[in-house]
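Chain residues, written in single-letter form:
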Amino acid sequence: MAVTAGAVVANNYYNQPLLAEFAEDFGQSERVAGLIATLTQIGYALGMLFLLPLGDMLERRRVISILLAVSSGMLLLFALAPTFPALVMVGFLVGFSSVVPQFLPPVAARLAPRGRAGQAVGKVMGGLLLGIILSRFVGGLLGGTFGWRVVYLVAAVLMLVLLVLLRRALPEMHPTFVGNYRQLLGSLARLFVRLPRLRILSFVAALQFGAFVMFWTTIVFHFESTGHSDATVSVGLLALIGAIGVFAAPIAGRISDRVSAGAIILASGAIMVVAFLVMGGGGGGLLWIIPGVVLLDFGMQVSHVTSMSEVLKQDPGAGNRLNTIYMVTRFGGGAVGTFAGSQMWHYFGWPGITALGLVFTVVALGMTWALQIAPAVATEHD
């Protein structure tokens, strides 16, 4: 499950170090090329909203298999896209269909021994987060060497391989929700209203992820503006450095079973604030960006794994729907961060990126204080 989560979520992030390649191949500006990353994030958020709740209503292994097949097809179409409008449209569908990773944390929590759900979720999320980070390395290095179309062709084949392996590995899982699809979606609003801790965790995650994605969407443009000979490959190598922090995910999962989630998220949020202070204060120099990236990825991963474990505890019988609310809100923040980042880069350059990232993370840090007074777990079930 951890390998699958990492490989599939990477489909949404290969484009970030390749935006300059898209702009050059299709004769578009950097700001317009950023639409690919924005719409992929929007597609991912909408896919989670409309597809992820099905894990509570239908047999999960079958749904996962179908989605992996569809995702493979969308990646193939992306690799073969002849025009920029087609690329943007298929990019949206790539995001919409690549939601399998979000089916897996509730499965891990459900299959884990009592008292070890956080540890199980941490392992799966470690794979997912490593996939996000290494996708930039693979996309940048493979795309810079062989061209961006090869990246997506390889990813399409990988989805089919995972379909076969995961189909054999997962047990059959019976649904927990009784009702039709409209009632299923309607229950999302009731859960959102009933669980204040879910709301706070979701909004904090949206702000933090918005800042995180904003940085990774624009860093390739910053490297190009500062004269790096191959900005795409440089971003890939920088992502590999940031991967050091991914080992925090399993640790955070174990700690979340025993330590206050609010305290962990507060500490990791403060680390993200420091990351933007370091990168902004250094004026965009590489010697300042490298430690900033390590801090940013570390803080993001610890916060996300802890929040995910805490969200799934709120109502175990509604795991997929809770994850839907949390992840849709989070990736909505990512889409806002992607769009805001492209605009800030266009008008204000690197100082604008680090300033807005600092605003996002500071506001998230302030909201985290509310976790100390929000009810920890709901006592009734939807």
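Quick caveat: nothing in here was measured; it's all calculated off a predicted structure.

A. Focus on the pattern of salt bridges. Across all of its chains, the model carries four salt bridges by this definition. Taking the shortest distance from any N to any O, the salt bridge between Arg60 and Asp56 comes out at 3.3 Å. Judged by its relative accessible area of 0%, Asp56 is buried. Connected via shared salt-bridge partners are Asp56, Arg60 and Arg321.

B. Structural detail: the nonpolar core. With 112 residues, the main nonpolar core has Phe22, Phe78, Leu87, Tyr152, Phe215, Ile219 and Ile289 as its most contacted residues. It is helix α11 (residues 196-225) that provides the largest number of residues to this core, a total of 16 residues. Not counting residues within four places of it along the chain, the set of residues in contact with Ile289 comprises Phe215, Ile219, His222, Phe223, Leu238, Met279, Gly284 and Trp350.

C. View of the confidence of the model for the protein chain. Here the protein chain averages 86 in pLDDT, and 90% of its residues register 70 or above. Summarising per-element confidence for the protein chain, the mean pLDDT is lowest in helix α13 (residues 248-256) (64) and highest in helix α5 (residues 60-79) (96). Of the regions scoring below 50 in pLDDT, residues 378-382 engages in 14 contacts with residues more than four places distant in sequence or in other chains.

D. Looking closely at the packing of helix α2 (residues 19-26) against helix α3 (residues 30-51). Remark: α2 packs on α3, axes separated minimally by 9 Å, with the N-to-C direction vectors making an angle of 120°. With respect to α3, the element α2 is oriented oblique. Relative to α3, the crossing made by α2 is right-handed. Counting all contacts with α2, which are made through Leu19, Phe22 and Ala23, the residues of α3 involved are Glu30, Ala33, Gly34, Ile36 and Ala37. In the contact of α2 with α3, the residues fall into six nonpolar, one polar and one charged.

E. Highlighting the packing of aromatic side chains. Under the counting rule described, the total for this entry stands at 14 aromatic pairs. Relative to Trp350, the ring of Phe215 has its centre 6.1 Å away and its plane inclined at 65°; by these criteria the two rings are edge-to-face. Placement of the pair is Phe215 in helix α11 and Trp350 in helix α16 (residues 319-368), with a sequence separation of 135 residues. Looking at Trp350, the relative accessible area reads 6%, which means it is buried. Positioned above the aromatic ring of Phe209 is the side chain of Arg330, whose terminal nitrogen or guanidinium carbon lies 3.9 Å from the ring centre.

F. Broad picture of the environment of Val235. Relative to the helices and strands, Val235 resides in helix α12 (residues 231-242). Note on Val235: relative accessible area 1%, which makes it buried. Distance from Val235 to Pro17, taken between C-alpha atoms, is 6.1 Å for residues 218 residues apart in sequence. Ignoring any residue separated from it by four or fewer positions in sequence, one finds Val235 in contact with Pro17, Trp216, Ile219, Val220 and Phe223.

G. Quick peek at helix α7 (residues 100-111). The end-to-end C-alpha separation of α7 is 17 Å, in line with the 16 Å expected for 12 residues at 1.5 Å each. Summarising burial for α7: nine of the 12 residues are buried, a large majority. For α7, every residue scored as buried is listed here: Val100, Pro101, Gln102, Phe103, Leu104, Pro105, Pro106, Val107 and Ala108.

Rules of the game
- Residues numbered from 1 in each chain as written.
- Predicted model: local features only at pLDDT ≥ 70, side-chain atom pairs only at ≥ 80, totals over all residues.
- Heavy atoms only, no water.
- Salt bridge = Lys/Arg side-chain N within 4 Å of Asp/Glu carboxyl O.
- Buried < 20%, exposed > 50% of the residue type's maximum accessible area, 1.4 Å probe, protein only.
- Core = buried A, V, L, I, M, F, W, Y, C linked by side-chain atoms within 4.5 Å.
- Helix = DSSP H or I, 4+ residues; strand = E, 2+ residues; numbered from the N terminus.
- Contact = heavy atoms within 4.5 Å.
- pLDDT = per-residue confidence, 0-100.
- Axes fitted to C-alpha atoms, helices over the stretch in contact; angles between N-to-C directions.
- Parallel < 35°, antiparallel > 145°, perpendicular 65-115°, else oblique.
- Left-handed = near helix turned anticlockwise from the far one by under 90°.
- Nonpolar A, V, L, I, M, F, W, Y, C, P; charged D, E, K, R; others polar.
- Phe/Tyr/Trp six-rings, centres within 6.5 Å; stacked < 30°, edge-to-face > 60°.
- Lys NZ or Arg CZ within 6 Å of the ring centre and 35° of its normal.
- Expected span 1.5 Å × (residues − 1).

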